[in-house]
Amino acid sequence: MTRKIRAAAAIALVGATALLAAGCSAGSNASSDGGKVSMTFWHNSTTGPGKAFWDQTVKDFEAKNPNVTIKIQAIQNEDLDGKLQTALNSGSAPDIFMQRGGGKMAAMVNAGQVMDISDAIGSNAKSQISKGSFKAFELNGKTWAMPTNVDPEGIWYSKDLFAKAGIDGTPTTMDELNADITKLKDAGIAPVAVGAKDAWPAAHWYYNFALRACPASVLTKTAQDLKFTNSCWKQAGQDTKAFFDTKPFNDGFLTTSAQQGAGSSAGLIANHKAAMELMGAWDPGVISSLTPDGKPLSDLGFFPFPEVSGGKGAPGSMMGAVGGLSCSAKAPKPACTDFLNFVTQKSVQENYYKAFNSIPANQSAQSVVTEPYLKTVLKAYNDAPFVSNYLDTLYGQNVGNALNTSVVNLLAGKGSVSDIVSTVNQAAAKG
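A word on the packing of helix α8 (residues 200–213) against helix α17 (residues 396–411). The contact between α8 and α17 brings their axes to 8 Å, and the two run at 90 degrees. Classed by the angle they form, the pair α8 and α17 counts as roughly perpendicular. Counting all contacts with α8, which are made through W200, A202, A203, Y206 and Y207, the residues of α17 involved are L403, N404, V407, V408 and L411. For the contact of α8 with α17, the residue count by class is 9 nonpolar, 1 polar and no charged.

As a further point, take the packing of α8 against helix α10 (residues 231–244). Running from N to C, α8 and α10 cross one another at 130 degrees; their axes reach a closest spacing of 8 Å. Here α8 lies oblique to α10, going by the angle between them. The chirality of how α8 crosses α10 is right-handed. Counting all contacts with α8, which are made through A202, W205, Y206, F209, A210 and A213, the residues of α10 involved are C232, W233, Q235, A236, G237, D239, T240, F243 and F244. Of the residues contributing to the contact of α8 with α10, the split by class is 11 nonpolar, 3 polar and 1 charged.

On to the confidence of the model for the chain, then. Residue-level pLDDT values for the chain average 89, and 92% of them are 70 or greater. When the criterion is pLDDT under 50, residues 1–30 qualifies, and its contacts beyond four places in sequence or with other chains add up to 175 contacts.

Listing the buried residues of helix α9 (residues 216–225) in full gives V218, L219 and T222. Across the axial projection of α9, the buried residues extend over an arc of 100 degrees, all falling on one side. Pointing more than 90 degrees away from the buried face of α9 are the exposed residues S217, K221 and Q224. Elements in contact with the buried residues of α9: α8, α10, β12 (318–327), β14 (387–389) and α16 (391–394).

Moving on, we come to the pattern of salt bridges. This model, assessed by the stated rule, comprises 8 salt bridges. For K379, the salt bridge goes to D383, with nearest N and O atoms at 2.7 Å. With K379 and D383 both in helix α15 (residues 372–383), this residue pair falls 4 residues apart, about one helical turn. Pair check on accessibility: K379 and D383 agree, each one exposed. In this structure, a network of salt bridges that share partners links the residues D81, R100 and K104.

We now examine the state of the cysteines. Tallied over the entire structure, the rule returns 2 disulfides. Here C214 is linked by a disulfide to C232, with a sulfur-sulfur distance of 2.1 Å. Measuring handedness by torsion sign, the sulfur bridge of C214 and C232 sits at about 100 degrees and is right-handed. A residue pair is termed long-range when its members are at least 10 positions apart, and C214 in the loop between α8 and α9 and C232 in helix α10 qualify at 18 residues. With respect to class, C214 is no different from C232; both count as buried. Each sulfur of the disulfide joining C327 and C336 lies 2.1 Å from the other. Since a negative S-S torsion denotes a left-handed disulfide, the C327-C336 link at about -110 degrees is left-handed. Note on C336: relative accessible area 0%, which makes it buried. Regarding the disulfides, the chain carries the connectivity 1-2, 3-4 under sequence-order numbering of its bonded cysteines.

We now examine the nonpolar core. Counting residues in each nonpolar core, the largest one holds 91 residues, and the members touching the most others are W205, W233, M276 and L391. The element contributing the most residues to this core is α8, with 10 residues. Once residues lying within four places of it in the same chain are set aside, the contact partners of M276 are I155, W156, Y157, F162, L177, I181, L184, P191, V192, A193, I269 and F303. Counting residues in each nonpolar core, the second largest holds 31 residues, with V58, I117, F339 and A355 among its members.

Here the focus is the pairing of strand β11 (residues 300–303). Burial of the side chains of β11 extends over both faces: L300 and F302 are buried on one face and G301 and F303 on the other. Relative to β11, strand β8 (residues 146–158) is paired through 4 bridges, and the arrangement is antiparallel. What sits directly across from S158, in β11, is L300.

Before going further, it helps to spend a moment on unusual backbone geometry. Note that the residue after K333, namely P334, is joined by a cis bond; omega there is 20 degrees. The residue P334 is located in the loop between β12 and α13 (335–343) in this model. Phi at L226 is positive, roughly 55 degrees, even though this residue is not glycine. With respect to the secondary-structure elements, L226 resides in the loop between α9 and α10. L226 sits in the partly exposed class, given a relative accessible area of 24%.

The rules behind these values
- Residues numbered from 1 in each chain as written.
- Predicted model: local features only at pLDDT ≥ 70, side-chain atom pairs only at ≥ 80, totals over all residues.
- Heavy atoms only, no water.
- Axes fitted to C-alpha atoms, helices over the stretch in contact; angles between N-to-C directions.
- Helix = DSSP H or I, 4+ residues; strand = E, 2+ residues; numbered from the N terminus.
- Parallel < 35°, antiparallel > 145°, perpendicular 65-115°, else oblique.
- Contact = heavy atoms within 4.5 Å.
- Nonpolar A, V, L, I, M, F, W, Y, C, P; charged D, E, K, R; others polar.
- Left-handed = near helix turned anticlockwise from the far one by under 90°.
- pLDDT = per-residue confidence, 0-100.
- Buried < 20%, exposed > 50% of the residue type's maximum accessible area, 1.4 Å probe, protein only.
- Arc of directions from axis to C-beta.
- Salt bridge = Lys/Arg side-chain N within 4 Å of Asp/Glu carboxyl O.
- Disulfide = S-S within 2.5 Å.
- Core = buried A, V, L, I, M, F, W, Y, C linked by side-chain atoms within 4.5 Å.
- Pairing = 2+ DSSP bridges.

See the structure below:
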């Protein structure tokens with residue numbers, strides 16, 4: 001999930017995204033024969049412009065590096081993390097893979113599964129990508145991934161459906177959001193699409209309520225000690241339950257996927273079957289791939305997650321991620337790091353934006369961003385006093401999976417607010 005970010009300024013905690021990529025390690029399929037190098041590249045763009053972008057990018061890289069061959073494998077987003085973790089643990093890791101940062105990256109670093117690329121970062125990447133973006137992938141004084149894209153999170157909506165429901169403007173508080181949801185229901189429109197089948201999209205509601213309930217210091221400290229003892233974690237659960245109890249979601253949300261087909265949550269937005277979706281800045285690209293004509297949704301808009309009364313989080317704080325690529329510890333060098341540097345070039349980054357309709361990490365390439373909704377995202381991001389990585393990334397895979405599952409259980413009526421806190425504390429204790 002595919003799943004913090006200052007595009008034009010420093011980024012604090014960051015992590016994830018729609019971009020997912022990887023390759024095969026020297027311990028498995030990577031090979032070198034007479035100076036020739038063969039690698040495998042995994043990514044999560046299985047169809048459309050995203051898949052075409054990676055095909056062309058690899059082709060262009062191979063043309064400039066005739067001694068290198070890269071075999072591409074596209075893997076569905078929701079399957080990639082599990083397959084990657086299995087490969088890392090079995091010693092057959094991909095050469096190149098998506099890096100989310102946070103606790104997930106720390107676990108890889110501690111296990112010796114990822115390459116330190118500090119000395120291999122090219123001058124172009126150093127000058128065109130902000131230091132804040134690189135900080136997302138720094139640990140123990142070293143850099144473990146190359147930033148590729150910026151994915152702040154908020155609520156994407158259909159301007160046409162808002163107008164049909166008589167909604168003028170966008171909500172800035174939860175009270176206003178709830179009022180708009182009522183108007184949408186009265187107009188016979190599904191207010192909010194959520195792909196709860198995949199767990200993490202539903203859990204992102206809890207993440208954002210936690211961002212409103214908890215001060216930045218608590219989110220940061222919890223990443224260090226994994227102790228969910230502050231009362232704000234329960235408050236976030238109560239706020240999440242109160243929102244879930246308004247029944248804002250599409251019919252069949254528990255069996256709705258996030259990004260696969262017209263019936264997914266992104267597909268519902270793309271086909272004007274629902275008005276809103278909470279998601280990262282990769283969403284426009286997914287939505288455009290699911291519209292009837294395969295083109296960007298002309299009435300798409302964006303607004304930041306609304307403020308919550310009584311919360312201790314700094315107003316305007318955002319969830320988000322910096323997407324990145326890592327090399328496995330045994331990947332062929334410099335071939336692997338050469339590819340990482342190649343992806344950061346201005347022309348490649350501009351093509352990335354055109355393919356994914358998402359914000360490139362290269363700041364000079366951001367000049368091609370013209371969509372009003374992406375400009376709104378950038379402004380909200382740049383104005384944010386704090387940006388947190390997605391919690392399932394920030395707190396590592398074990399805690400993240402437990403958190404996601406417990407939030408879905410709450411949504412399905414199979415769990416309680418207290419269960420969320422107790423479940424994540426139990427997962428943290430197991431390590």
